[in-house]
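Working through the structure, step by step
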Amino acid sequence: MVRLILSNELKGSLRDRRVQLLAGFTALLLLLSAWSGQGTYTHLADAREQAAAKAGAEWDSLGAYNPHSAAHFGTYAYRPLGLLRMLDAGVQPFTGDVLKVEGHVANEALYAEASRSSSLVRFSAFQPALVLQAIVPLLLIFLAFGSIARERETGTLKMLVLQGASFRQLMAGKALAYWIISLGLLLVTVLIMAILYGGQMAWDTFALFMLAYALYYLLAALLSVYVSARARRSSSALAVLLGGWLLWVFILPKLAAQLGQSLYPLPSRIVFEEQMREDRKKGLDGHNPSDERRKALEEKVLLEYEVDSIEQLPINFDGIVMQADEEYGNQVWDKHFGDYYQTVQQQNRVIQWASALAPFLAVRNLSMALAGTSLYDHLHFQQSVEDYRRGWVKALNDEHAYGGSKTGEWSWKAEAAFFQSMEDYTYERPGLSWSLANRWPEIVVLLAWLLGAVGLVAFSRNLSVLDQN
């Protein structure tokens, strides 16, 4: 019976001019957003490749150069663009994905796209994720709001039930029909990505990406049909469903973000940087200033080399001091950025648990995680660059200290071969299991909502149909 209801509803929907217009319009939005995303992706990828090549060429062409000056000259670390970024850019337009690597300073990401866009673009970027997360569920609402309520209004619902179709079979068949229509839109997305990047696509990740949306649409279809079945009028069902859509997509996400910021406020940028400068200068505990640290280091090195003054050292004490200062700066970085990132993650956890009230948040976070554009991915990239920077700076300071110069010889230059031997930064995105491990609350929430929706349909009673007028 479910199969018959599904077949009839699917045929009727596909023949309905209104359904054709709504589905066609949504598909057009998806195609336009994909075209826009592909253009943005191609532009960014080309610019990234050119910038990375230029930065590498400049570094390799330094020639003979002073290592300390080279540390100030610096280089750049670029985060590669994953293909799924074309579908869901996540937080990357706001966080940036280019970092300058240099001595004495642990920089944050630069060149965020949103910082170079108008306020309107920053408010709502037109990308496939927006269509998949918000517009397709809205399409399902318009398809399903009158699926049963309108049949009740016309008097055909009692007839269907009396002829042997159970209430749950009607809801299941109609919901599955609308779900199949939404899967057709996902198929459009699959075809777009297959045509553009078929040979480069990580299909296992992409399959999970599509699966998350497929489950989300099944949830939306089941709930829409259920509300239609329980409403006395189709207009009431539409009002309830649109109110729920607004609550899920706009109101609760905003409230969750504001709640996270209120519970776990971040310091202002001015205060944050001033605190780091003070700790770098005066010591983490306020009782170990830089001059005392230098004096203790000098005594240690003189004792190690058994000499009476730094002028007698066979190595360059300036390089040792700079490396010691870097290592102390690393402690300052770990303290302040560690606290900063912990606060950001606490804010993010508030949004994660808020997805229990709004499955839209769950699928949005899962989408970003699978696309590699989530907050966790950004923090992983930032930490990866910082780990590289520390090894990179240490190599320069060690060359300055032990490469052949003496203390005070600031004009001394290392050979070009040394700089050319230093490895460029390469970023390896963590695996799929890492991405999913950070998003287990969203997975639980989405599955729980889906099971709840299935339960609502499965345990609906026929008598409730016959008792309503």
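This section reports on the structure supplied with the text. (Residues numbered from 1 in each chain as written. Predicted model: local features only at pLDDT ≥ 70, side-chain atom pairs only at ≥ 80, totals over all residues. Heavy atoms only, no water.)

Considering the overall build of the protein
Cut-off, in case you're wondering: The numbering of helices and of strands both runs from the N terminus, where a helix is a DSSP run of H or I of at least 4 residues and a strand a run of E of at least 2. Radius of gyration means the value over C-alpha atoms here, while the globule rule gives 2.2 Å times the residue count to the 0.38 power. Working definition: with a 1.4 Å probe on protein chains only, accessible area under 20% of the residue-type maximum means buried, over 50% means exposed, and in between means partly exposed. Residue contacts follow a heavy-atom distance rule, with two residues in contact if any of their heavy atoms lie within 4.5 Å. Areas reported as accessible are Shrake-Rupley estimates using a 1.4 Å probe. Residue values count occlusion only from the protein chains shown.
Tallying secondary structure elements over the protein gives 20 helices and two strands in all. Radius of gyration (C-alpha) of the protein: 30 Å, far over the 23 Å computed for a compact globule of 469 residues. With respect to the three principal axes, the spread of C-alpha positions in the protein is 105 × 45 × 35 Å. A burial count over the protein gives 48% of its 469 residues as buried. For the protein, contacts bridging at least 24 residues in sequence account for 82% of all contacts bridging at least 6. Summed over its atoms, the accessible surface of the protein is roughly 23200 Å², and 60% of this surface lies on carbon and sulfur atoms.

Thoughts on the nonpolar core
Note the following rule: The criterion is simple. A nonpolar core is a set of buried Ala, Val, Leu, Ile, Met, Phe, Trp, Tyr and Cys residues joined through side-chain atoms within 4.5 Å.
Grouped together as the largest cluster of nonpolar side chains are 75 residues, with contacts concentrated most on F209, Y213 and Y217. Top element by residues in this core is helix α10 (residues 203-230). It accounts for 16 residues. The residues contacting Y213, other than those within four sequence positions of it, are D88, A129, L132, Q133, L186, V363 and S367. Ranked by size, the runner-up nonpolar core spans 21 residues in total, among them W59, A77, A109 and Y425.

Structural notes on the packing of helix α14 (residues 317-354) against helix α15 (residues 359-371)
Stated precisely, the cut-off is as follows: Helix axes are fitted only over the stretch in contact, all axes being lines through C-alpha atoms; the angle between N-to-C directions runs from 0 to 180 degrees. Roughly parallel means an angle under 35 degrees; roughly antiparallel, over 145; roughly perpendicular, 65 to 115; everything else is oblique. Residue polarity follows a fixed list, in which Ala, Val, Leu, Ile, Met, Phe, Trp, Tyr, Cys and Pro are nonpolar, Asp, Glu, Lys and Arg are charged, and the others, Gly among them, are polar.
At a closest axis distance of 7 Å, the pairing of α14 and α15 adopts a crossing angle of 125 degrees. With respect to α15, the axis of α14 lies oblique. Here α14 contributes I351, Q352 and A354 to the contact with α15, which in turn contributes L361, R364 and N365. Its residues assigned to classes, the contact of α14 with α15 shows three nonpolar, two polar and one charged.

Quick word on the pattern of salt bridges
For clarity, the cut-off: Each salt bridge in this description consists of a side-chain nitrogen of Lys or Arg and a carboxyl oxygen of Asp or Glu lying within 4 Å of one another.
Counted by the stated rule, this structure contains eleven salt bridges. Note that D279 is salt-bridged to K335, the shortest N-O span being 3.2 Å. Of the two residues, D279 sits in helix α12 (residues 269-282) while K335 sits in helix α14, which places them 56 residues apart along the sequence. Close ionic contact of E386 with R389 constitutes a salt bridge, the shortest N to O distance being 3.0 Å. Separated by three residues within a single helix, E386 and R389 lie in helix α16 (residues 375-402), roughly one turn from each other. The same class applies to E386 as to R389, namely buried. Each of the salt bridges in this network shares a partner with another, and the network as a whole consists of E326, D334, E386, R389 and R390.

Describing helix α6 (residues 128-144)
Selection criterion: Residue count minus one, scaled by 1.5 Å, sets the expected span of a helix. Note on bend: the value at a residue is the angle between axes fitted to the seven residues ending there and to the seven starting there.
Between the first and last C-alpha of α6 there are 23 Å, a value that for 17 residues agrees with the 24 Å anticipated at 1.5 Å per step. Of all bends in α6, the biggest is about 35 degrees, found at I135, and the proline P137 comes one to four residues later. α6 sits mainly inside the fold: 14 of its 17 residues count as buried.

So, the packing of aromatic side chains
Each aromatic ring pair is described using two quantities: the centre-to-centre distance and the angle formed by the ring planes. To be explicit about the condition: Two aromatic rings from Phe, Tyr or Trp, using only the six-membered ring of Trp, form a pair when their centres are within 6.5 Å; if the ring planes differ by under 30 degrees the pair is stacked, by over 60 it is edge-to-face, and anything between is tilted.
Counted by the stated rule, this structure contains 24 aromatic pairs. When the ring of F272 is compared with that of F337, the centres are 5.2 Å apart and the planes differ by 90 degrees; the resulting orientation is edge-to-face. Taken together, the positions of F272 in helix α12 and F337 in helix α14 put the pair 65 residues apart, joining distant regions of the chain. Between F418 and F419, the ring centres sit 5.2 Å apart and the planes meet at 70 degrees, which makes this aromatic pair edge-to-face. The same class applies to F418 as to F419, namely buried. Each residue in the set W203, F206, F209, Y213, Y216 and Y217 is aromatic and connected to the rest through ring pairs, giving one cluster.

Quick word on the environment of W434
Here W434 lies in helix α18 (residues 432-437). Taking relative accessible area as the criterion, W434 reaches 28% and is therefore assigned partly exposed. Sequence separation between W434 and V2 is 432 residues; the distance between their C-alpha atoms is 39 Å. Non-local contacts of W434, meaning those with residues more than four positions away in its chain, are made with Y376, D377 and H380.

Quick notes on unusual backbone geometry
The phi dihedral of H104 falls on the positive side, at around 75 degrees, and the residue is not glycine. Take H104: it is sitting in the loop between β2 (98-101) and α5 (119-123). Even without a glycine there, the phi angle at E306 is positive, about 55 degrees. Looking at the secondary structure, you find E306 in the loop between α13 (290-305) and α14.

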